[in-house]
Amino acid sequence: MLGGAASGLSAGWERLEPPRPRAAMLRQALHAGLSGGFRALGRFVAGQPVLFASAPLLLAVLLGASFSRYRVEDDVQSLLAPKHSLAKIEGNLVDSLFPINHSKHALYSDLQTPGRYGRVIVTARRGNLLESPHLDAILKLHRLIYQMQVTAPPSGPSSFNYSFSHLCLPDDKNACIVDDVIRVLEEIRSARAANRSSPILHYPITQLADGRRAYIGHQLGGVQNWPGDGEGVRSARALQLTYYLRVRGGLTEGVAGQWEKAFCAELRQFAALHPQLGLYPATSSSLRTDFQFSSVLARRPLLASLGLCGALAVLCCSMRDCVRSKPWLGVLALLSVTLAGLTAAGILNLSGSTYNSTYLGIPFVMLGHGLFGSFEMLSSWRRTREDQHVKERVASVFEDVMLRFSGSTALHLTTLGLAASPLTNMEAVRLFCRAAALAVSVSYAYMLSFYSSCLVFTGYLETGYRHGCFCRRVPKQDRLDSKPAWYRCLMYTRYQDEAQTATGTPHGPHLPHTRTYVHPHASDTRPQDSHLLLGCVRRCYADWITNTYVKPFVVLLYLVYISFGLMGFLQVVQGSDPSTLVAMDTATVLYTRAQQRYFSSYSPVIGFYIYESAPYWNATVQGDLLEYAKGFQRISWLESYLAYLSERNQSTSSPRENFTRTLRLDFLREPRFAHFADDIIFAERGPGEEPDVAASRIFLVAKTTENKREEMSVLLDTLRRLSLTSRVRFLIFNPSFVYLDRYAAAVSSPLRHSLLAVLFLLGLSSLAVVEPLVSVWLGLTLLSVQFGVLGFMTLWGVELDCISVLCLILALGHAADCSAPLLCGFAAGRGEGRTRWVRLALERHGVPSLQAFLCYGAALVPVGSVRSNLTRTLFRCLALTAGCSALHALAFLPALLTFLPPSKSRSRRGEAGDVPRQEVECVEMDGTRVVDQITTV
């Protein structure tokens with residue numbers, strides 16, 4: 001797959017080898033066929049450069065016009081929650097049995113997924129919220145919210161002013177249902193106004209003036225109890241109010257959206273007038289708005305990334321020689337990536353796809369892959385003979401590079417394609433990988449066409465000895481001597497005849513092309529090919545990293561790398577909270593922090609739903625249900641009903657008819673128990689028969705600690721296992737279970753599938769690689785990079801969520817891009833020592849990788865400054881991916897390959913007894929000239 005290195009080591013050397021085994025011959029034949037096909041493709045592209053340059057540009061412009069169909073994803077839950085989970089099925093069953101809009105007595109915050117709502121946490125910067133000044137301010141805020149109006153439509157004769165009373169959920173008396181804590185505060189204020197003692201306020205379940213028990217654990221926060229009274233509330237630091245809206249159609253949906261915006265605006269004005277209070281609002285659309293706001297914040301940093309990457313790309317493509325310098329190719333490589341991104345976005349828009357903020361990682365997928373390919377092509381171009389025609393030089397570049405580049409592209413598409421399949425249970429991962437696979441495919445096609453045609457044009461400029469930047473023809477040395485010093489410096493070049501005189505390169509017309517082999521001692525020392533990074537790698541780094549005394553420290557560094565990776569791997573934390581993927585300093589983040597600070601003592605309200613008819617009158621069933629609820633803070637109709645029967649000296653295990661009749665006609669008609677009517681569903685049995693209890697619900701709240709989400713996940717698994725063995729058929733539900741249910745499996749499955757796909761693809765690709773050990777080394781490298789990125793991102797505070805999993809999938813392709821050329825270049829050579837071949841592979845393929853790493857790292861820097869949790873996770877994971885890949889390509893592999901297989905001291909056939917080789921000098925006649933050539937026999 002990634003085995004174009006044999007052709008990559010092409011210059012003026014040819015090798016005659018002894019016969020090889022049949023499998024090796026088949027691999028060589030397949031490799032030669034693929035290389036020949038890419039050579040023909042390169043010659044064809046070089047013959048039609050205008051077509052291949054203009055067609056992608058025109059296509060990108062035409063598809064870019066489709067942004068009029070640009071749409072943003074609205075349903076964040078479908079993106080960030082597992083697509084297929086038992087919690088979603090349970091939620092649908094709960095909504096069908098107990099719809100929240102049909103409740104007539106009470107609401108429990110976070111019990112079911114409401115449509116539209118406004119919610120605010122009020123905190124006291126000093127003192128107690130239950131004190132008179134704060135209490136009066138809170139009730140004043142409540143009245144302002146009630147009186148707040150929105151107009152819909154904004155203008156016209158049919159406009160109407162909607163207040164909360166028009167949009168709220170009504171009770172059986174057509175009054176708006178409000179949180180029970182409002183009634184508690186009104187009772188306290190009335191008692192103080194009448195000079196009476198305030199009613200005792202219990203926590204987390206209190207009793208109202210009408211005798212009804214109400215759960216206020218999510219409505220009062222930061223509670224301190226009186227000494228000696230475990231439940232009496234002495235003070236509270238926070239208060240949470242929720243205002244649910246009733247949506248009945250398109251008009252009320254729009255009005256509710258306007259009301260939520262007016263709700264936030266009203267709270268901002270109120271906070272400015274009351275600095276002693278802290279207000280943290282949240283609405284049903286806050287998560288969606290703040291999740292997509294990351295894209296808005298990242299616009300300018302992405303442009304800055306493109307600018308920094310372009311500047312470094314120009315420097316990496318520049319040389320002292322103004323003719324052989326290719327600064328425009330750096331800009332054109334970025335232009336090719338940009339056009340490919342525009343084309344892919346146009347295709348997605350035309351296909352009806354929606355955009356979400358996870359797509360911010362796609363430009364970096366394309367950039368990393370495109371930079372490695374473009375710098376490899378430029379490096380291969382500089383190794384071609386200058387006396388060849390441009391078409392032949394481009395053909396040689398395609399033959400040298402495109403097989404490896406196509407293999408790494410295939411690896412990208414395999415990992416992304418499998419993660420985009422229906423096997424993936426996370427919609428955000430599936431949509432991202434689908435879009436990224438399309439973008440990589442288009443980028444590969446544009447690299448073959450647009451960038452290659454730009455290489456052809458710059459090749460013609462080089463043939464005509466024109467300046468690489470200004471395209472002006474450079475005068476010869478005798479004419480430059482009379483020019484000023486700055487002009488001579490700007491127009492410095494070495495003409496071909498001078499270079500050939502210095503290096504012994506043949507003069508005259510173009511030599512016929514032959515497939516060649518480079519002797520390891522024949523390192524390229526032509527002055528026109530000198531490059532700053534190439535000189536540093538050739539003269540310093542390659543000798544240093546392969547030094548005998550340095551290699552033990554590199555091995556030690558790799559052991560440290562593995563140790564820290566293992567340390568982080570053992571501490572991986574799941575990130576199932578969607579609020580960790582939104583922009584910083586937004587309403588969602590501030591509200592979540594306040595909620596975790598003041599309302600983390602108790603879990604969300606858990607609905608315990610008995611969805612089948614059960615013999616509630618049976619003492620055994622009653623004992624089981626009471627045992628299940630033991631240890632929870634609970635509001636249970638069954639427990640209250642059994643206590644009611646005991647107060648009336650009635651048996652709790654009476655026959656079904658008596659049990660149900662007393663429940664319907666006596667218990668539920670008591671004012672203090674009337675709200676339990678929403679928790680019981682009766683089913684008719686027949687004429688004259690007493691109805692049966694078909695379904696019911698109980699509300700449970702668990703005491704929690706700091707690890708609230710982990711405890712909820714454990715609680716969910718425990719109660720589900722209990723439901724399988726219980727005689728009563730029940731289920732539990734809370735909207736947060738949608739994010740927790742099977743989240744670990746949903747997040748990790750795309751990563752496992754991608755790893756298996758990579759290993760399978762590497763095994764299959766060994767058929768096209770001359771040296772099969774390349775696939776083994778590449779597979780080990782990918783696993784090592786993946787392991788390191790996973791471990792180090794955990795140590796850096798990154799949780800395992802959909803964004804980090806996307807980066808781990810991308811790390812496979814990124815590691816293949818930077819490591820495969822080095823491995824192939826090393827494995828293709830025979831003879832000489834390992835160290836010499838490692839140095840040569842570093843010179844030829846390490847320099848393009850280093851250039852790509854520099855540009856890619858510069859592009860990542862501005863993203864790290866974006867105030868968003870999503871981009872922060874993206875930046876950390878991509879930076880770790882680039883760092884781990886660079887360590888393997890430039891340090892670990894060069895050191896390890898000097899003493900690990902494949903062998904270099906002998907050829908394949910001659911391991912038992914190799915025939916001694918000798919170098920003879922041949923003379924090749926080419927009509928008008930004589931060519932000296934060293935051929936290895």
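Throughout, a residue's number is its position along its own chain's written sequence, starting from 1. Reporting in this predicted model follows two pLDDT cut-offs: at least 70 for local features of residues, and 80 or more for side-chain atom pairs to be given and counted; totals over whole chains, interfaces and linings ignore these cut-offs and use all residues. Excluded from the side-chain calculation are hydrogens and water; included are all heavy atoms of the structure.

On to the packing of aromatic side chains. Each Phe, Tyr or Trp ring (for Trp, its six-membered ring) is paired with any other whose centre lies within 6.5 Å, and the angle between the two planes then decides the class: stacked below 30 degrees, edge-to-face above 60, tilted in between. In this structure the tally under the stated criterion is 33 aromatic pairs. Each ring, one from Y355 and one from Y359, has its centre 5.5 Å from the other, and the planes form 85°; the classification is edge-to-face. Side by side, Y355 and Y359 carry an identical accessibility label, which is buried. Three or more aromatic residues link up through ring pairs in this structure, and these residues are Y641, Y644, F659, F667, F673 and F676. Geometrically, a charge over a ring is one whose NZ (Lys) or CZ (Arg) sits within 6 Å of the ring centre while staying within 35 degrees of the ring normal. The residue whose ring lies beneath R393 is W381, and the NZ or CZ to ring-centre distance is 4.1 Å. Here the basic side chain of K703 rests over the ring of Y602, its NZ or CZ set 4.6 Å away from the ring centre. With a 1.4 Å probe rolled over the protein chains alone, any residue whose accessible area is under 20% of its type maximum counts as buried; one over 50% counts as exposed, and the rest are partly exposed.

Okay, the packing of helix 28 (residues 773-795) against helix 29 (residues 802-828) next. Where helix 28 meets helix 29, the closest approach of the two axes is 8 Å, and the angle between their N-to-C directions is 145°. In the crossing of helix 28 with helix 29, the sense of the turn from one axis to the other is right-handed. Here helix 28 contributes V774, W777, L778, T781, L782, V785, Q786, V789, L790 and M793 to the contact with helix 29, which in turn contributes S804, L808, A811, L812, A815, A816, S819, A820, L823, C824 and A827. Just so you know the grouping, Ala, Val, Leu, Ile, Met, Phe, Trp, Tyr, Cys and Pro go in nonpolar, Asp, Glu, Lys and Arg go in charged, and all remaining residues, Gly too, go in polar. Split into classes, the residues belonging to the contact of helix 28 with helix 29 amount to 17 nonpolar, four polar and no charged. Lines fitted to the C-alpha atoms define the axes, with helices restricted to the stretch that makes contact. Angles between their N-to-C directions range from 0 to 180 degrees. Strands are runs of DSSP state E lasting at least two residues, helices are runs of H or I lasting at least four, and both sets are numbered from the N terminus onward. Handedness of a crossing is defined here by the sense of rotation of the near helix relative to the far one, left-handed for an anticlockwise turn of less than a right angle and right-handed for a clockwise turn. Contacts are residue-level and defined by heavy atoms, with any inter-residue pair within 4.5 Å sufficient.

A separate point is the state of the cysteines. Any covalent bond linking the sulfur atoms of two cysteines counts as a disulfide. When two cysteine sulfur atoms are found within 2.5 Å, that pair is recorded as a disulfide. Scanning the model with the defined rule gives one disulfide in all. Shown here is the disulfide that connects C168 with C176, its sulfur atoms set 1.9 Å apart. In this structure, the disulfide formed by C168 and C176 twists by about -70° around the S-S bond and is classed as left-handed. Take C176: its relative accessible area is 12%, and that puts it in the buried class. C317 takes part in no disulfide bond, and the closest cysteine sulfur to it belongs to C316, at a distance of 6.8 Å.

Here S804 lies in helix 29. Classification of S804 as buried rests on a relative accessible area of 0%. Engagement of the side chain of S804 in a polar contact is seen with the backbone nitrogen of D801, the distance being 2.8 Å. We call two N or O atoms a polar contact when they sit within 3.5 Å, provided that within protein one can donate a hydrogen and the other can accept it, with sequence-adjacent residues counted only if both atoms are side-chain atoms.

Moving on to unusual backbone geometry. With an omega of -10°, the peptide bond between A152 and P153 qualifies as cis. Tracing the backbone shows P153 in the loop between strand 2 (149-152) and strand 3 (160-163). Cis rather than trans, the peptide bond between Y203 and P204 has omega equal to 5°. Relative to the elements of secondary structure, P204 occurs in the loop between helix 8 (180-193) and strand 4 (205-207). Look at Y465: it is not a glycine, yet its phi comes out positive at around 55°. Mapped onto the fold, Y465 is located in the loop between helix 15 (427-463) and helix 16 (477-480). Here C471, not a glycine, exhibits a phi torsion of approximately 60°, which is positive. Mapped onto the elements, C471 comes out in the loop between helix 15 and helix 16. Residue C471 is classed as partly exposed on the basis of its relative accessible area, which comes to 34%.

A few words now on the sheet that holds strand 6 (residues 220-221). When DSSP locates at least two bridges between a pair of strands, those strands are taken to pair. The antiparallel open sheet is built from four strands, whose spatial order is 6-9-1-10. Each edge of the open sheet carries a strand with a single partner, namely strand 6 and strand 10 (277-283).

By this rule the span expected of a helix is its residue count minus one, scaled by 1.5 Å. Between the first and last C-alpha of helix 29 there are 39 Å, a value that for 27 residues agrees with the 39 Å anticipated at 1.5 Å per step. Along helix 29, the sharpest change in direction is near 35° and occurs at S819; proline P821 comes one to four residues later. Buried residues dominate helix 29, accounting for 26 of its 27 residues. To get the bend at any residue, fit one axis to the seven residues that end at it and another to the seven that begin at it, then take the angle between the two axes.

Attention now goes to the pattern of salt bridges. What counts as a salt bridge is simple: a side-chain nitrogen of Lys or Arg found within 4 Å of a carboxyl oxygen of Asp or Glu. Scanning the model with the defined rule gives 31 salt bridges in all. Residue E386 is joined to R324 by a salt bridge in which the shortest nitrogen-to-oxygen separation is 2.6 Å. Of the two residues, E386 sits in the loop between helix 13 (362-383) and helix 14 (390-419) while R324 sits in the loop between helix 11 (299-317) and helix 12 (327-350), which places them 62 residues apart along the sequence. Judged on exposure class, the residue E386 and its partner R324 are both buried. Two residues, R839 and D543, come together in a salt bridge whose shortest N-O distance is 3.2 Å. Residue R839 is found in helix 30 (residues 834-860), and its partner D543 is found in helix 19 (residues 532-545); the two are separated by 296 residues along the sequence. The network of salt bridges with common partners includes R39, R43, E392 and E399.

It is worth spelling out the pairing of strand 14 (residues 692-701) at this point. Burial analysis of strand 14 places nine of its ten residues in the buried class, which makes it a mostly covered element. Taken together, the five bridges between strand 11 (residues 606-610) and strand 14 define a ladder with antiparallel strand orientation. Note on strand 14: the bridge partner recorded for F608 is I698. In this structure, strand 12 (residues 633-635) lies alongside strand 14, joined through three bridges in antiparallel fashion. Bridge pairing in strand 14 links R634 to L700. Direction of pairing for strand 13 (residues 680-683) relative to strand 14: antiparallel, over a ladder of four bridges. Paired with A683 across the two strands is D692, which belongs to strand 14.

What helix 23 (residues 637-647) keeps buried is the set W637, L638, S640, Y641, L642, Y644 and L645. Contacts from the buried residues of helix 23 go to helix 22 (619-628), strand 12, helix 24 (656-665), strand 13 and strand 14. Where helix 23 starts, the residue carrying a side-chain oxygen 3.3 Å from the main-chain nitrogen of L638 turns out to be S636.

What follows concerns the side chain of R119. Looking at the element boundaries, R119 is found in strand 1 (residues 116-124). Look at R119 and you get buried, because its relative accessible area is 5%. A distance of 3.1 Å separates the side chain of R119 from the side chain of T242, its partner in a polar contact. Among the polar contacts listed, one links the side chain of R119 to the side chain of Y244, at a separation of 3.3 Å.

Attention shifts here to the environment of D624. As for its placement among the helices and strands, D624 is situated in helix 22. For the pair formed by D624 and R727, sequence separation is 103 residues and the distance between their alpha carbons is 8.5 Å.

This part covers a nonpolar patch on the surface. Nonpolar side chains (Val, Leu, Ile, Met, Phe, Trp, Tyr) within 5 Å and like charges within 9 Å form the patches, drawn only from residues with over 30% relative accessible area and no salt bridge. Note that accessible areas follow from Shrake-Rupley with a 1.4 Å probe, and for residues the cover is restricted to the protein chains shown. Side chains of F553, L556, L559, V560, F564, M567 and L795 sit close together on the surface and give an oily, nonpolar patch of about 650 Å² of accessible area. The greatest single-element share of the nonpolar patch, amounting to six residues, is contributed by helix 20 (residues 551-569). Tracing the backbone shows L795 in helix 28.

The pLDDT averaged across the protein works out to 83; a share of 86% of its residues lies at or above 70. Scored from 0 to 100, pLDDT reflects the predictor's confidence in each residue. Across the protein, the secondary-structure element scoring lowest on mean pLDDT is strand 17 (residues 930-936), at 37, and the one scoring highest is helix 20, at 95. Counting contacts from residues 1-19, a segment whose pLDDT is below 50, to residues more than four positions away or on other chains yields 79 contacts. Contacts from residues 497-525, a stretch scored under 50 in pLDDT, to residues over four places away or in other chains number 78 contacts.

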